[in-house]
Amino acid sequence: MNAQSDIEAGGANQGDLFSKFDDFIAMRDGILASGVEDPFNLVMEKVLSPTRAICNGRDTILLGTYNYMGMTFDPDVIEAGKEALTEFGTGTTGSRVLNGTYQGHKECEDALKEFYDMDHAMVFSTGYQANLGIISTIAGKGDYIILDIDSHASIWDGCAMGKAEAVPFKHNDIEAMEKRLKRVPEGAGKLVILEGVYSMLGDVAPLKEMVRIAKENGAMVLVDEAHSMGFIGENGRGVCEAAGIIDDCDFIIGTFSKSVGTVGGFCVSNHPKFDVMRYVCRPYVFTASLPPSVVATAATSIRKLMHGSNKRAHLWENSKNLHAGLKSLGFQLGTDTPESAIIAVIMPDLQKGAMMWEALLKEGLYVNLARPPATPANMTLLRCSLCAEHTEEEVQTVLGMFERAGKATGII
Amino acid sequence: MDRAEVDSKIRDLIAPFNKKGVELTDATTFVNDLEFDSLTVMDFVAEIEDEFDIIITMNQQAEIETYGLLVDAVTKLQD
């Protein structure tokens, strides 16, 4: 056999850079071969409200969109977007540091400064870029990042991009965090990264203790409040507000794609030199800024969220009702008590999880199917995220759907 | 602690993770021979860190593919 036929014998995949994805493709084909609808290819043909859409031809209750405060169809927010679209056009076609800073971007940053009562705010094009940009820029080679092992992908990617030394600790384990922090070599820069709410199980971090320990050990603290903004804390500033340690957080990262109801990311800070980030943070500089309509909707939404205490109270009620209802039906949940607006239902395995997901969709309910490797402990989860616009009756309807689907698939 | 002592300590620590009782040599790999998944790696690394009072960063972990390399790294780190 000559060299040429050796290559042929090696199969068509020889030299194909896509062969590394073969296991994933096989896993996906396996799920689809069992006849279930593709959980990762859902199309919403029509969106009726923050809580209802036509999905794959069915009228569906949305319970997996992170649209916590239901701002996506707020009339004032929509009006602000329309006005900006008419007056400023469809896009900025430029970076924030060149031609991409419009009046609306400044107004959006002003709204954030007011919302968080902080000195500085910087708006990024997505939440992912906010984490990627801030983390990779402030923690570089030789610096140490102490972070929760269940941190979001954007946090891990920020650590990798900045080439800092990442030291993970066991999820929400105060002692494990403290031990690692104390082992960082003398003189090295230290950044502790925490999340207010962890999106997979919907559990809250013990920020009061963790931030105190981080500060005692001379570390700067960055808290990602993506899943708590607008909802947790008296003014909706997040878990750090509820825990009473917001003044000790050096950086708060957030997103517009959850409670705010549009797209974009941000960082707020009281650091006196914070503004230098606008020039040295590559994911901020080397990308186009958000369209005028997006920053106008974000700014209007953020200002309305400042006065959202009634909605916050109703959202807590929804979260408590869904948690209690699912628990009494016999489902295994991610937390013993409701800690946020995310209720994670733990599935026995991916196959059963996909079956249950499909059964719910046929009932007219959309939830998030989360699978390894995005999930902790290789769990398959059906993640439900509640909205302040879900009515009490809707939550009862949802529980009925879970009961029927759970029994049909043999999960309860 | 010299390399032999570190080796013997790690052997004790790895036992509960070595479910199939794979024989340990310096060339034994964590992923292929011991079949450690990412969760097992995380728990195992945490145990080593606490036992030797060290940190093994993600960058260092990426380089440690075999049992021998781990013993070398820990010997150096706890110095």
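Criteria and thresholds
- Residues numbered from 1 in each chain as written.
- Chains lettered and ligands numbered in written order.
- Predicted model: local features only at pLDDT ≥ 70, side-chain atom pairs only at ≥ 80, totals over all residues.
- Heavy atoms only, no water.
- UniProt positions renumbered as here; feature names shortened; annotations may be inferred.
- Helix = DSSP H or I, 4+ residues; strand = E, 2+ residues; numbered from the N terminus.
- Rg over C-alpha atoms; globule rule 2.2 N^0.38 Å.
- Disulfide = S-S within 2.5 Å.
- Buried < 20%, exposed > 50% of the residue type's maximum accessible area, 1.4 Å probe, protein only.
- Pairing = 2+ DSSP bridges.
- Axes fitted to C-alpha atoms, helices over the stretch in contact; angles between N-to-C directions.
- Phe/Tyr/Trp six-rings, centres within 6.5 Å; stacked < 30°, edge-to-face > 60°.
- Contact = heavy atoms within 4.5 Å.
- Buried area = accessible area lost by both parts, 1.4 Å probe.
- Salt bridge = Lys/Arg side-chain N within 4 Å of Asp/Glu carboxyl O.
- Polar contact = N/O pair within 3.5 Å; in protein donor to acceptor, adjacent residues only side chain to side chain.
- Nonpolar A, V, L, I, M, F, W, Y, C, P; charged D, E, K, R; others polar.
- Patch = residues over 30% accessible without salt bridge, like charges linked within 9 Å, V, L, I, M, F, W, Y side chains within 5 Å.
- Areas by Shrake-Rupley, 256 points an atom, 1.4 Å probe, with all protein chains shown as cover.
- pLDDT = per-residue confidence, 0-100.
- Core = buried A, V, L, I, M, F, W, Y, C linked by side-chain atoms within 4.5 Å.
- Domains from an automatic or database assignment.

As recorded in an unreviewed UniProt entry, chain B goes by Acyl carrier protein and comes from Pontixanthobacter rizhaonensis.

As recorded by an unreviewed UniProt entry, chain A carries the name Aminotransferase class I/II-fold pyridoxal phosphate-dependent enzyme and is attributed to Pontixanthobacter rizhaonensis. The UniProt entry for chain A carries the following comment under Sequence similarities (unreviewed entry): "Belongs to the class-II pyridoxal-phosphate-dependent aminotransferase family."

Right, let's talk about the overall build of chain B for a bit. Along the backbone of chain B there are 4 helices and 0 strands. In chain B, the succession of α and β elements from N to C terminus is α-α-α-α. Against the 2.2 N^0.38 benchmark of 12 Å for 79 residues, chain B shows a C-alpha radius of gyration of 11 Å, consistent with a compact globule. For chain B, the spread of C-alpha atoms along the principal axes amounts to about 30 × 25 × 20 Å.

Residue and element names in this part refer to chain A. Counted by the stated rule, this structure contains 0 disulfides over all chains. Cys267 takes part in no disulfide bond, and the closest cysteine sulfur to it belongs to Cys281, at a distance of 8.9 Å. Relative accessible area serves as the criterion here: at 0%, Cys267 is assigned to the buried category. Residue Cys384 stays outside any disulfide, its sulfur separated by 14 Å from that of Cys387, the closest cysteine.

Residue and element names in this part refer to chain A. With mixed pairing, the 7 strands of this open sheet are ordered in space as β4-β12-β11-β10-β7-β5-β6. At either margin of the open sheet sits one strand with a lone partner, and together these are β4 (120–124) and β6 (165–169). Strand-to-strand twist of the sheet, defined as the mean angle between neighbouring strand axes without regard to direction, takes the value 20°.

Here we come to the packing of aromatic side chains. Note on aromatic pairs: each is described by the distance of the centres and the angle between the planes. Residue and element names in this part refer to chain A. Enumeration according to the criterion identifies 16 aromatic pairs over all chains in this entry. Considering the side-chain rings of Phe331 and Phe402, the 5.5 Å spacing of their centres and the 80° angle between planes classify their relative orientation as edge-to-face. With Phe331 in the loop between α13 (309–329) and β13 (342–347) and Phe402 in helix α15 (residues 392–408), this pair connects stretches of sequence that are 71 residues apart. Accessibility classification places Phe331 together with Phe402 in one group, the buried group.

Right, let's get into the interface of chain B and chain A. Where interface size is given, it is often the accessible area lost as the parts come together that is meant. Tallying the contact residues gives 12 residues for chain B and 16 residues for chain A. Taken together, both faces of the contact between chain B and chain A bury some 1,200 Å²; the carbon and sulfur share is 56%. Remark: the boundary between chain B and chain A carries 5 salt bridges. A:Lys179 serves as the salt-bridge partner of B:Asp50, at 3.3 Å between the closest nitrogen and oxygen. Put simply, chain B and chain A have 10 residue pairs in polar contact (both at pLDDT 80 or more) between them. For the side of chain B that touches chain A, the elements supplying multiple residues, two or more each, are α2 (38–52) and α3 (58–63) of chain B. Among the elements that take part in the side of chain B that touches chain A, α2(B) stands out by supplying 5 residues, more than any other. Split by residue class, the side of chain B that touches chain A holds 6 nonpolar, 2 polar and 4 charged.

Glancing now at the UniProt feature "domain: Aminotransferase class I/classII large" (unreviewed entry) in chain A. When the UniProt feature table is mapped onto this chain numbering, "domain: Aminotransferase class I/classII large" (unreviewed entry) sits at residues 59–399 of chain A. Along residues 59–399 of chain A one finds 40% helix and 18% strand; the C-alpha atoms at either end are 17 Å apart.

Let's shift gears to a nonpolar patch on the surface. Residues and elements named next belong to chain A. A surface patch of nonpolar side chains, about 540 Å² in accessible area, is lined by Leu17, Phe18, Phe21, Phe24 and Ile25. Position of Phe24 among the secondary structure elements: in helix α2 (residues 22–33). Residue class for Phe24 comes out partly exposed when judged on its relative accessible area of 38%.

Let's shift gears to the confidence of the model for chain A. Scored by pLDDT, chain A has a mean of 94; 97% of the residues are at 70 or more. This model gives residues 1–10 of chain A a pLDDT under 50, and the stretch forms 2 contacts once residues within four places in sequence are excluded.

Residues and elements named next belong to chain A. Residue position: Gly406 is located in helix α15. A relative accessible area of 0% places Gly406 in the buried class. Note: C-alpha distance between Gly406 and Trp357 (49 residues apart in sequence) is 9.8 Å. Contact partners of Gly406, with chain neighbours within four places excluded, come to Phe331, Met356, Ile411 and Ile412.

UniProt's entry tags residues 1–78 of chain B with the feature "domain: Carrier" (unreviewed entry), counted in the numbering of this structure. Helix makes up 56% of residues 1–78 of chain B and strand 0%, and the two end C-alpha atoms of the span are 8 Å apart.

What follows covers the nonpolar core. Residue and element names in this part refer to chain A. Ranked by internal contacts, the top residues of the largest apolar core, which has 96 residues, are Leu112, Tyr116, Leu207, Phe256, Leu322 and Phe402. If one sorts the elements of this core by residue count, helix α14 (residues 350–363) sits on top with 7 residues. Structurally, this core is a two-domain feature, drawing no fewer than three residues from each of domain 1 (31–69 + 308–409) and domain 2 (73–305). Ranked by size, the runner-up nonpolar core spans 23 residues in total, among them Phe124, Ile155, Leu191 and Leu222.

Now for the sheet that holds strand β1 (residues 44–49) of chain A. Residues and elements named next belong to chain A. Strand order in the open sheet formed by 4 strands is β1-β2-β3-β14, with mixed pairing between adjacent strands. Of all strands in the sheet, those bounded by a partner on one side alone are β1 and β14 (365–366). Pairing of strand β2 (residues 52–55) with strand β3 (residues 58–62), which is carried by 4 bridges, proceeds in the antiparallel orientation. Residue Ile54 lies in a different strand from β3, and its bridge partner there is Asp59. Across the sheet, α15 is in contact with β2, β3 and β14; its angle to β3 comes to roughly 110°.

Okay, the pattern of salt bridges next. Residue and element names in this part refer to chain A. Inspection of every chain in the model, using the stated rule, returns 30 salt bridges over all chains. Note that Asp59 is salt-bridged to Arg52, the shortest N-O span being 3.1 Å. Residue classification places Arg52 among the partly exposed positions, given a relative accessible area of 31%. Arg96 is paired through a salt bridge with Glu109; the nearest N and O atoms lie 3.0 Å apart. Of the two residues, Arg96 sits in the loop between α3 (75–88) and α4 (103–116) while Glu109 sits in helix α4, which places them 13 residues apart along the sequence.

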